[in-house]
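Listed below are the residues making up each chain.
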Amino acid sequence: MEKNLSNLPIGVFDSGVGGISVLADLVYQLPDEQYVYFGDSGNAPYGIRSNEEVKRLSLNAIEYLLNFKIKALVVACNTATSVVINELRNRLNIPVIGMEPALKPGIKLNKQGKVAVMATDVTLREKKFNDLIQKLKYATNVIKMPCLGLVEIIEKEGKHSDKIKNYIKDIFLPHNIDEIGVIVLGCTHYIFIKDIIANIVGENINIVDGNLGTVRHLKNLLQADNKLISGKTGGCKETKIKLINSGKNDDMLELSKKLLEERLKDLNWCGIINYI
Ligand code: DGL
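Here, residues in each chain are numbered from 1, in the same order as that chain's written sequence. Whole-chain, interface and lining totals are the exception, using all residues; otherwise, since this is a predicted model, local features are given only for residues with pLDDT of at least 70 and side-chain atom pairs are given and counted only at 80 or more. Only hydrogens and water are set aside; all other atoms, that is, all heavy atoms of the structure, feed into the side-chain values.

In this section: the site of the ligand. What surrounds the ligand is a group of 13 residues, the closest being Ser15, Tyr46, Gly47, Thr79 and Thr188. Between the ligand and Asn78 there is a distance of 2.9 Å, counted from an oxygen atom to a backbone nitrogen or oxygen. Here a polar contact means two N or O atoms within 3.5 Å. Within protein one must be a hydrogen donor candidate and the other an acceptor candidate, and residues neighboring in sequence count only if both atoms are side-chain atoms. Thr79 places a polar side-chain atom, nitrogen or oxygen, 2.6 Å from an oxygen atom of the ligand. Under the convention used here, a 1.4 Å probe and the Shrake-Rupley method define accessible areas, while residue burial counts only the protein chains that appear. For the ligand, the accessible surface in isolation is 300 Å², of which the surrounding protein chains cover 99%. Polarity classes work like this: nonpolar for Ala, Val, Leu, Ile, Met, Phe, Trp, Tyr, Cys and Pro, charged for Asp, Glu, Lys and Arg, and polar for all others, with Gly in that last group. Each residue belonging to the shell around the ligand can be placed in one class, and the counts come to five nonpolar, seven polar and one charged. The cutoff for a nearby residue is simple: one of its non-hydrogen atoms must lie within 4 Å of the molecule or strand.

The next thing to look at is the packing of helix α9 (residues 162–172) against helix α10 (residues 194–201). Throughout, an axis means a line fitted to C-alpha atoms (over the contacting stretch in the case of helices), and angles, computed between N-to-C directions, take values from 0 to 180 degrees. Each helix is a run of H or I in the DSSP string that is no shorter than four residues. Each strand is a run of E no shorter than two, and both are numbered from the N terminus. Taken N-terminus to C-terminus, the directions of α9 and α10 make an angle of 50°; their axes are 10 Å apart at the nearest point. Classified by the angle between their axes, α9 and α10 sit oblique to one another. Like other packed secondary-structure pairs, α9 and α10 cross with a definite hand, here right-handed. For the pair formed by α9 and α10, the contact residues are Ile164, Lys165, Ile168, Lys169 and Phe172 on the first element and Ile196, Ile197, Ile200 and Val201 on the second. Split by residue class, the contact of α9 with α10 holds seven nonpolar, no polar and two charged. Oblique is the label for every angle not falling under 35 degrees (roughly parallel), over 145 degrees (roughly antiparallel), or within 65 to 115 degrees (roughly perpendicular). We call a crossing left-handed when the near helix sits turned anticlockwise from the far one by less than a right angle, and right-handed when that turn is clockwise. Contacts are assigned to residue pairs that have any heavy atoms within 4.5 Å of one another.

With that settled, consider the sheet that holds strand β8 (residues 206–209). The parallel open sheet is built from four strands, whose spatial order is β6-β5-β7-β8. Looking at strand neighbours, the two that pair on one side only are β6 (142–146) and β8, the edges of this open sheet. Neighbour to neighbour, the strand axes of the sheet diverge by 25° on average, direction disregarded. Pairs of strands are assigned from DSSP output, requiring at least two bridges between the strands. In the sheet, strand β5 (residues 114–119) pairs with strand β7 (residues 180–185) via five bridges, with the strands oriented parallel. The partner of Val115 across the bridge, within β7, is Val182. Contacts from α10 reach β5, β7 and β8, with the element oriented near 155° to β8.

Right, let's get into the state of the cysteines. Two cysteines form a disulfide when their sulfur atoms are joined by a covalent bond. In plain terms, two cysteine sulfur atoms within 2.5 Å form what is called a disulfide here. A complete count under the given rule lists one disulfide for this structure. For Cys77, which is in no disulfide, the shortest distance to another cysteine sulfur is to Cys187 and amounts to 6.9 Å. Assessed through its relative accessible area of 3%, Cys77 is described here as buried. With no disulfide of its own, Cys147 has Cys187 as its nearest cysteine by sulfur position, at a separation of 8.1 Å. Partly exposed describes any residue whose relative accessible area lies between the buried limit of under 20% and the exposed limit of over 50%, with all areas from a 1.4 Å probe on protein chains only and scaled to the type maximum.

Two side chains bearing opposite charge may form a pair once their charged atoms approach each other closely. Note on definitions: salt bridges are taken to be side-chain nitrogens of Lys or Arg within 4 Å of carboxyl oxygens of Asp or Glu. For the structure on display, the rule yields 15 salt bridges. One salt bridge in this structure joins Glu262 and Lys159, with 3.5 Å as the shortest N-O distance. In this pair, Glu262 is assigned in helix α12 (residues 251–266) and Lys159 in the loop between α8 (150–157) and α9, connecting sequence segments 103 residues apart. Exposure remark for Glu262: the relative accessible area of 23% places this residue in the partly exposed category. The residue Lys227 makes a salt bridge to Asp225 at a minimum N-O spacing of 3.3 Å. Assessed through its relative accessible area of 11%, Lys227 is described here as buried.

Within the secondary structure, Gly181 sits in strand β7. Gly181 sits in the buried class, given a relative accessible area of 13%. Discounting residues that sit within four places of it in the chain, Gly181 has contacts with Asn110, Gln112, Gly113, Lys114, Asn204, Ile205 and Asn206.

Before going further, it helps to spend a moment on the packing of aromatic side chains. Pairs were defined over the aromatic rings of Phe, Tyr and Trp, the Trp ring being its six-membered one, requiring ring centres within 6.5 Å. Orientation was assigned from the angle between planes: stacked under 30 degrees, edge-to-face over 60, tilted for the rest. Overall, the coordinates contain three aromatic pairs when judged by the stated rule. Consider the rings of Phe38 and Tyr64, whose centres lie 5.4 Å apart with planes at 55°: the pair is tilted. Residue Phe38 is located in strand β2 (residues 35–39), and its partner Tyr64 is located in helix α3 (residues 51–66); the two are separated by 26 residues in the primary sequence. Overall, Phe38 belongs to the buried group, its relative accessible area being 8%. On the basis of relative accessibility, which here comes to 36%, the residue Tyr64 falls in the partly exposed class. Chaining the aromatic ring pairs together yields one cluster made of Phe38, Tyr64 and Phe68. In this structure, Lys257 packs its charged tip against the face of Tyr275, placed 4.8 Å from the ring centre. Geometrically, a lysine NZ or arginine CZ counts as sitting over a ring once it is within 6 Å of the ring centre and also within 35 degrees of the ring normal.

Right, here's the structure in full:
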């Protein structure tokens, strides 16, 4: 029974192409697993919506993913995690792993100055993130940076765009860069533009994200449940991936493939992807 379960794919969900950055890290770390990715680009962005809407859209998308008989679910979206993770954990009898802004690692790296958290409006206003700040006793040292409109630009243009450069320059204008010690990327879309942000803010500021923490958490849960195919990282493997996107045409699928392959190349991954 358990052997059969370990052969099932891992479901990965995001409001759009952002979770592809998490998928790339999953493929790199756990190349023997199979993946089904659902990007809800037809309804993105989630980060400016009401909680009711984020909940309805996330549950719809995840219901669709469950048709693929997945052995675990990764909610590769900070926004959806903020709103529905507890409900998902109560409803589903598979491991459910979410994302949250990597504030703790950010604080650890911060020698002096403040920790700026770039995320969607929903993530920054929701209880989950604000409880985390309180728990870590860091309220006065966090700069919340809601990046309104940035997800839309990335969904439309990918990661190579002057619009993104200008957006990042503008969003840091009201801030004193010397006051910032660390930037936390609290939205999976922003991982793709980490280099652009680094170029603009300069090399003295560390930029962190929560992707690897999420992958590690998934690996531990699968291992504890005897559902991990193999915990081996790397190797020139063939990894099977089913990509699904609710966008109106195939453009979003093409963008997803491009972003995935570019990121795996950046990680020096030598395997191949078999799109099933
Ligand atoms: N990738 C999502 C996140 O991590 C973006 C949410 C949105 O669609 O606004 O929050």
